[in-house]
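# An overview of the molecular structure
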Amino acid sequence: MYSRFINFPETKSFFLFGPRGTGKTTWIKTAFPKAVYLDLLEAELFNNLLANPQRLKNFIPENFKNNWIIIDEVQRIPELLNEIHRLIEKYKYKFILTGSNARKIRQKGQNLLAGRALTYFMHPLTIEELGKDFNLEHSLKYGQLPCAYKEINPKAYLKSYIKTYLEEEIQQEGLTRNLAKFARFLEAASFSQGSVLNISSIARECYIERKVVENYFSILEDLFIAYRVPVFTKKAKRRMINHLKFYFFDTGVYRAIRPEGPLDMPEQIEGISAETLFFQELNAVNANYDLGYKIYYWRTADNAEVDFILYGEKGILAFEIKRTNRVSEIMLKGLKSFLVDYPMAKAYFIYGGSRQMRDGKISIIPMDDALKGLLKILL
């Protein structure tokens, strides 16, 4: 098992959210071997607590002190949160509540224990967590879910992962009535990876109403398997576009969903994979170390663009990602335009070459070096 970087509180309950397959259950069982463990995917336990959430107390040993109670997949019975709240107040129990779906909790109007529990997220493995196992080419092709690194056949695993999500998470939780439509939508969405979203176009392509497509995107976000990134408009000096950019949360998941045809250009898919891998690493490192950055992209009405802008108390960082092993002036155009508007920013061009260089204020860094040294860059 890979060691995960989660700086959990020792004296306070917490939520641990994240997509299926990121290793939440494995981690909590290893990190808290003496905890009471309740898995709401078990049918008998689920039915018991669904009928009466107050029965939760019956599963906790008498005189239980100074230890943890784990409830896995808590979103399956959102009403349990009221009883958990009561038990925390009355008995000072410490709960670890995992979930792979925030939708039902939010729809039920639950207040996430009114601040009595902190919230953490488990992302795919980071380069730091992978350690010596990290292989750039493997990560670009299969992503960084734990099983994508451990399975003999990661491609087959990722295909089954998509099927599991469709059958278990989407269908069993009743998130959509038409699974075939949702499967078509997933494929169409994969062609928007790393691009500005055009929801009307996706709706037409899938023969689905626009409102339904909007709901489908919300479902992906609630399941933590996709993100929509806003445009950076802080004190904008020029006219900006005002649309969201879309990413599946993991490179391997994106590539498993995206169909490849004979006319697909390998370099285009590889380029988006590199951008996706960098995005997921940014996301995870920023969250794991509580760096406080908000992640944006930058694009003007005249098509000057930068892939990622990080904005926070530590300043402004701009990143352009290219899979190519060569650097040209046109590739740096977006960063240079951004620096005209935000001269205080630090700018980085991440590419597939092997030499670190500079072009004015722009640091040019090989992808492998940038990923391994990302924390240092963000600090």
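Summary of the structure given here.

### Here's the deal with the overall build of the chain
Helix and strand counts for the chain stand at 16 helices and 13 strands. In summary, the chain has a C-alpha radius of gyration of 22 Å against a globular reference of 21 Å for 379 residues, a match within 12%. Along the first, second and third principal axes, the C-alpha set of the chain runs to 70 × 45 × 45 Å. Counting every position in the chain, which comprises 379 residues, the buried fraction comes to 53%.

### Digging into unusual backbone geometry
Positive phi, normally seen in glycine, also occurs at lysine 92, with a value near 60 degrees. Summarising the element assignment, lysine 92 is placed in the loop between α3 (80–91) and β4 (94–99). A relative accessible area of 62% places lysine 92 in the exposed class. Although it is not a glycine, aspartate 290 adopts a positive phi angle of roughly 50 degrees. A residue is classified by how much of its surface remains accessible, and aspartate 290, at 68% relative accessible area, is exposed.

### Here we look at the packing of helix α8 (residues 154–171) against helix α9 (residues 179–190)
Where α8 contacts α9, the axes come no closer than 11 Å and their chain directions differ by 125 degrees. The orientation of α8 relative to α9 falls into the category oblique. The two elements α8 and α9 meet at a crossing, and its hand is right-handed. Side by side, α8 and α9 meet where Leu166, Ile170 and Gln171 of the first sit next to Leu179, Phe182, Ala183 and Leu186 of the second.

### Side note on the sheet that holds strand β5 (residues 117–121)
Strand-to-strand pairing in sheets goes through backbone hydrogen bonds, with the strands running parallel or antiparallel. Ordered by their spatial adjacency, five strands build an open sheet running β2-β3-β4-β1-β5, and the pairing between neighbours is parallel. Each edge of the open sheet is held by one strand with a lone partner, namely β2 (36–39) and β5. Between one strand axis and the next, the sheet turns by 15 degrees as a mean value, whatever way the strands run. Examined bridge by bridge, β2 and strand β3 (residues 68–72) share four bridges and lie parallel to one another.

### Considerations on the packing of α9 against helix α11 (residues 210–222)
The contact between α9 and α11 brings their axes to 11 Å, and the two run at 75 degrees. Considered as vectors, α9 and α11 are oriented roughly perpendicular to each other. Note on element contacts: α11 touches α9 through Val213, Tyr216, Phe217, Ile219 and Leu220, opposite Lys181, Phe182, Phe185, Leu186 and Ala189. When the residues that make up the contact of α9 with α11 are grouped by side-chain class, the tally is nine nonpolar, no polar and one charged.

### Description of the sheet that holds strand β11 (residues 346–351)
Read from one edge to the other, the open sheet built from six strands follows the order β8-β9-β10-β11-β13-β12, with strand pairing classed as mixed. Each having just a single partner strand, β8 (294–299) and β12 (357–359) make up the two edges of the open sheet. Across the sheet, the mean angle from the axis of one strand to that of its neighbour is 30 degrees, orientation sign disregarded. Where β11 and strand β13 (residues 362–366) come together, five bridges link them in parallel fashion. What sits directly across from tyrosine 351, in β13, is proline 366.

Reading the values: the criteria
Residues numbered from 1 in each chain as written. Predicted model: local features only at pLDDT ≥ 70, side-chain atom pairs only at ≥ 80, totals over all residues. Heavy atoms only, no water. Helix = DSSP H or I, 4+ residues; strand = E, 2+ residues; numbered from the N terminus. Rg over C-alpha atoms; globule rule 2.2 N^0.38 Å. Buried < 20%, exposed > 50% of the residue type's maximum accessible area, 1.4 Å probe, protein only. Axes fitted to C-alpha atoms, helices over the stretch in contact; angles between N-to-C directions. Parallel < 35°, antiparallel > 145°, perpendicular 65-115°, else oblique. Left-handed = near helix turned anticlockwise from the far one by under 90°. Contact = heavy atoms within 4.5 Å. Pairing = 2+ DSSP bridges. Nonpolar A, V, L, I, M, F, W, Y, C, P; charged D, E, K, R; others polar.

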